[in-house]
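Each chain, written out:
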Amino acid sequence: MQPVLKVQSLNKSYTSRQGLFRRRSLQVLRDVSFALAPGQTLAIIGETGSGKSTLAKVLAGADMADSGQILLNGQIVEDAGIRNHDCRTIRLIFQDPTRSLNPGLTIGDMLDDCLQYNTELTEEQRYKKIRITLSRVGLLGEHIDYYPHMFSGGQLQRVALARALILDPKVLVLDEALSSLDPSVRAQTVNLLLELQAATGLAYVLITHHLSLVRHMSDEILVLNRGKVVEYGETECVFNTPKSKTMQKLLSA
Amino acid sequence: MQLLDIKNLTIELRTEDGVIRAVDKVNLSLKEGEVHALVGESGSGKSLIAKAIVGVLNQRWTVTADRMHWRGVDLMRLSSEKRRKLVSQDIAMIYQEPSRSLDPTATIFDQVAESIPDSVLKGGFFGRRKARKEKVRALLHKAGIRDDKKICSSYPHELSEGMCQKIMIAMAIARSPKLLIADEPTTALESTARAQVFRLLKALNQLKNMSILMISHELEEISDWSHAMHVLYCGQMVEAGPTQAIFKQPLHPYTQALVKSLPDFGQGLGHKEAFYALKGTIPPLQHLPIGCRLGPRCPQAQKECVVTPRQSRSHGHSYACHFPLIKVKQKCNPS
């Protein structure tokens, strides 16, 4: 099957000033490549500072890579840091839904903004689309007029999901989106994500440090250490016979 | 010996639309050297209970309890000065979000040194100063911080969250308390730092015989080393008992849902299969249902559930449910 998302030798480094003239560069991603088939989940794990979140940002277009390509359905989306701005189909969900939504906008306005800036739909179509998306994530149509503070944490995560889904993405990047939730809310959210994946063939890039969840949800796993891919393979294989030191350490902790 | 014994602890908040009962008749008892876990979702009143024990809740909250005994002394009847003296001697607490609970304007050395009581230091004026320095170093080492010189001279914002957490632990064990209350000590940490903190707490419990009351919303990480568990839902204690018993045979529908929502314990759950989850969401404090607060979400709620269920006990395993799960099972197969 053709992969929906393909990443080829992604490199990224940050430079920081040190003194007056000296600059230090810190490479956060080194030669990262992977492929993701539709309807599959790729889990990315690693310790703090291993470049997980940077990778998520680069994938979603919030940050640029120095070199390397990102291909979506065989078409180049980003090549050596130049992004094709027509692409809005890789969406990111953040860690804390209570802090990542604008408190001054109603849910309807927020979702409408996404559509207004990215699609050519008329007002009526947009309204319809918002209602459909809300019902897809298990919210009601009347929630359009609600403000974020009127929701509980679990519902807010659904709103964040609706915000990601409204542009019909092919790939969803979940950056620690499940770790801050309570266990029963997390179970509900995971169920919703799995249901959506089964129904529409969405592909997920799951970034988390919750290993049992990784084992349950993901098909493939990518272990990062200091920006380098140290292990990449099917989840069950990696969990049963971890080859890299990083993975062994994570499993024993 | 019973270290902490609480009966019918109720914490209320008076608002314009009436009284909100955030914690409703919670019982809790803790023996010396035991590790207890207080589990529940956010907003279930876990932190409130911890703060009520230490006595740091602010004036708006009214705390009432039939009994709140600390080694035989009723804390509720003490004057606030006496209570503070007693609590500061024997109980220490680690708060949520360590980087926010440390003083941003003081160096780590000053903050740790402040928590050391004068009574443990010996020597004259200059000797004390030296002893204090030594003690700070020893405490930091004990908490698993190797690079003490650098840490001592830095400010909280310069350190990582895991480091701040270790410093909080070092400050908490300065008085070698009998009871350590740890309020979500690992939520901000990633897995390796988390494992370190747990190892440290476990060592303190085993070597110093210190009791620990762990507050957490992650069941799986405390399940293997806590002796007993108390499960809270919306301020009501739904189930309490030995950890093993609770995991093996949960009696309350909510506990069952919690246990089943863990990927590790979901027996025979296939890859990518849906978890067992209760329908609906946690009600906000202003709209709590009457009677059993799980009522509207409970899969086996019946008419009787509008009355608050009484706590029943068997073999040290107590639960508050009109229709505990084990009875349901007996009805299904009479043999």
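As the structure is a prediction and not an experimental result, all values here were calculated from the model.

Draft legend 1. Molecular detail of the overall build of chain A. When you go through chain A residue by residue, the secondary structure sums to nine helices and eleven strands. Against the 2.2 N^0.38 benchmark of 18 Å for 253 residues, chain A shows a C-alpha radius of gyration of 19 Å, consistent with a compact globule. Expressed as lengths along the three principal axes of its C-alpha atoms, the size of chain A is roughly 50 × 45 × 40 Å. A burial count over chain A gives 53% of its 253 residues as buried. Long-range pairs, those at least 24 residues apart, make up 64% of the contacts in chain A with a sequence separation of at least 6. Here chain A carries 28 positive and 26 negative side-chain charges, and the mean point of each set is 9 Å from the other.

Draft legend 2. Representation of the overall build of chain B. Scanning chain B from N- to C-terminus turns up twelve helices and 13 strands. Taking 2.2 N^0.38 as the reference for a compact globule, 335 residues should give roughly 20 Å; the C-alpha atoms of chain B span a radius of gyration of 22 Å, in line with that estimate. Of all intrachain contacts in chain B linking residues separated by at least 6 positions in sequence, the fraction that spans at least 24 positions is 63%. As presented, chain B carries roughly 17,000 Å² of accessible surface, and 50% of it is formed by carbon and sulfur atoms. The averaged location of the 33 negative side-chain charges in chain B is 5 Å from the averaged location of its 47 positive side-chain charges.

Draft legend 3. Local environment of the pattern of salt bridges. Residue and element names in this part refer to chain B. Taken as a whole and judged by the stated rule, the model has eleven salt bridges over all chains. Across the pair Asp-24 and Arg-21 runs a salt bridge whose closest N-O atoms are separated by 3.0 Å. Asp-24 sits in the buried class, given a relative accessible area of 11%.

Draft legend 4. Region of interest: the packing of helix H7 (residues 161–172) of chain B against helix H8 (residues 191–208) of chain B. All names here are of chain B. Orientation of H7 relative to H8, taken along the N-to-C sense of each, is 15 degrees, at an axis distance of 11 Å. By the angle between their axes, H7 is roughly parallel relative to H8. As for how H7 packs across H8, the hand of that crossing is right-handed. Note on element contacts: H8 touches H7 through Gln-196, Val-197, Leu-200 and Leu-204, opposite Gln-165, Lys-166 and Ile-169.

Draft legend 5. Examining helix H5 (residues 153–165) of chain A more closely. All names here are of chain A. End to end, H5 covers 18 Å across 13 residues, agreeing with the expected 18 Å (1.5 Å per residue, within 8%). Of all 13 residues that make up H5, eleven are buried, and the element is covered over most of its length. Taken together, the buried positions of H5 are Gly-154, Gln-155, Leu-156, Gln-157, Arg-158, Val-159, Ala-160, Leu-161, Ala-162, Ala-164 and Leu-165. On its buried face, H5 sits against strand E7 (90–93), helix H2 (97–100), helix H3 (107–118), helix H4 (123–136), strand E8 (171–175) and helix H6 (183–200).

Draft legend 6. Expanded view of the interface of chain B and chain A. At the junction of the two partners, chain B supplies 31 residues and chain A supplies 33 residues. Carbon and sulfur atoms make up 52% of the surface buried where chain B meets chain A, a total of about 2,400 Å² over both sides. Our count for the chain B to chain A interface comes out at zero salt bridges. If you tally residues by element for the side of chain B that touches chain A, the top one is H8 of chain B, at four residues.

Draft legend 7. Local environment of the nonpolar core. Of all hydrophobic cores here, the largest spans 99 residues; its most connected members are Leu-161 of chain A together with Ile-167 of chain B. Ignoring any residue separated from it by four or fewer positions in sequence, one finds Ile-167 of chain B in contact with Leu-102, Ile-108, Val-112, Leu-140, Ile-145, Ile-151 and Leu-159 of chain B.

Draft legend 8. Here's a closer look at the side chain of Arg-297 of chain B. Within the element layout of this structure, Arg-297 of chain B appears in the loop between helix H11 (253–260) and strand E12 (312–314). With a relative accessible area of 10%, Arg-297 of chain B lands in the buried category. At a separation of 3.1 Å, a polar atom in the side chain of Arg-297 of chain B contacts the side chain of Tyr-233 of chain B. Contacts of Arg-297 of chain B, omitting those with residues within four sequence positions, involve Ser-184 and Gln-188 of chain A together with Tyr-233, Leu-278, Lys-279, Gly-280, Thr-281 and Ile-282 of chain B.

Draft legend 9. Seen up close, the confidence of the model for chain B. All names here are of chain B. Looking at chain B, pLDDT values average 82 and 95% of them are 70 or higher. Counting interchain partners and residues more than four positions distant, the pLDDT-below-50 stretch residues 328–335 has three contacts. Complex prediction metrics read pTM 0.78 and ipTM 0.72.

Draft legend 10. View of the side chain of Glu-184 of chain B. Residue and element names in this part refer to chain B. Structurally, the position occupied by Glu-184 is in the loop between strand E8 (179–183) and H8. Of the residues examined, Glu-184 reaches a relative accessible area of 10% and is grouped as buried. Among all residues touching Glu-184, those that are not within four sequence positions of it are Lys-46, Gln-96, Ile-215, Ser-216 and His-217.

Draft legend 11. Broad picture of the pairing of strand E10 (residues 220–225) of chain A. All names here are of chain A. Summarising the sheet, strand E3 (residues 41–45) and E10 pair through four bridges and their orientation is parallel. Looking across to E10, one finds that Ile-45 is bridged to Val-223. Note that E10 and strand E11 (residues 228–234) share six bridges and pair antiparallel. Within the sheet, the bridge partner assigned to Val-223 lies in E11 and is Glu-231. Remark: two residues form the turn of the hairpin made by E10 and E11, two consecutive strands paired antiparallel; Arg-226 in that turn has positive phi of roughly 50 degrees.

Draft legend 12. Up close: a nonpolar patch on the surface. Residue and element names in this part refer to chain B. Where nonpolar side chains cluster on the molecular surface, the patch consists of Ile-290, Val-306 and Val-307 and spans about 310 Å² of accessible area. Along the chain, the position of Val-306 falls in the loop between H11 and E12. Looking at Val-306, the relative accessible area reads 51%, which means it is exposed.

Draft legend 13. Quick look at unusual backbone geometry. All names here are of chain A. Here the phi dihedral of Ser-9 falls at roughly 35 degrees; this positive angle occurs in a residue that is not glycine. With respect to the helices and strands, Ser-9 occurs in strand E1 (residues 5–18). Taking the relative accessible area as the measure of exposure, Ser-9 reaches 31% and is therefore partly exposed. Phi angles above zero are rare outside glycine, and Arg-226 is one such case at about 50 degrees.

Cut-offs and rules
Starting from 1, residues in each chain are numbered consecutively following that chain's sequence as written. For naming, the first written chain is A and the first written ligand is 1, with later ones following in the order written. Owing to the predicted nature of the model, reporting of local features is limited to residues with pLDDT of at least 70; listing and counting of side-chain atom pairs is limited to 80 or more, with chain, interface and lining totals taken over all residues. As a rule here, side-chain values cover all heavy atoms of the structure and leave hydrogens and water aside. Under the DSSP-based scheme used, a helix requires at least four consecutive residues in state H or I and a strand at least two consecutive residues in state E, with every element numbered from the N terminus. Each radius of gyration is computed over the set of C-alpha atoms, and the globule rule expresses the reference value as 2.2 Å times the number of residues to the power 0.38. Relative accessibility under 20% of the residue-type maximum defines a buried residue, over 50% an exposed one, and the middle range a partly exposed one, all with a 1.4 Å probe and only protein chains included. Residue contacts are defined here by distance: any two heavy atoms, one from each residue, within 4.5 Å place the two residues in contact. In this tally, Asp and Glu contribute negative charge and Lys and Arg positive charge; neither His nor the terminal groups of the chain are included. To locate a charge, take atom NZ for lysine, CZ for arginine, CG for aspartate or CD for glutamate. Surface accessibility in these figures is a Shrake-Rupley result with a 1.4 Å probe; residues are shielded only by whichever protein chains are displayed. Basic side-chain nitrogens of Lys or Arg form a salt bridge, by our definition, when they fall within 4 Å of a carboxyl oxygen of Asp or Glu. Working convention: axes come from line fits to C-alpha atoms, limited for helices to the stretch in contact. Angles between N-to-C directions cover 0 to 180 degrees. Each angle receives one of four descriptions, namely roughly parallel if under 35 degrees, roughly antiparallel if over 145, roughly perpendicular if within 65 to 115, and oblique otherwise. Crossings are sorted by hand: turned counterclockwise from the far helix by less than a right angle, the near helix makes the crossing left-handed, and turned clockwise it makes it right-handed. Here the expected span of a helix is defined as 1.5 Å times the quantity of residues minus one. By definition, the buried area sums, over both parts, the 1.4 Å-probe accessible area that each loses when the two are put together. Residues belong to a common nonpolar core when they are buried Ala, Val, Leu, Ile, Met, Phe, Trp, Tyr or Cys residues joined through side-chain atoms within 4.5 Å. As used in this structure description, the phrase polar contact means that two N or O atoms lie within 3.5 Å; if the pair is within protein, one of them must be able to donate a hydrogen and the other to accept it, and residues adjacent in sequence are counted only when both atoms belong to side chains. For every residue, the predictor reports its confidence as pLDDT, a number between 0 and 100. When DSSP finds at least two bridges between two strands, those strands are taken to pair. Any residue with relative accessible area above 30% and no salt bridge may belong to a patch, with like charges joined within 9 Å and the nonpolar Val, Leu, Ile, Met, Phe, Trp and Tyr side chains within 5 Å.

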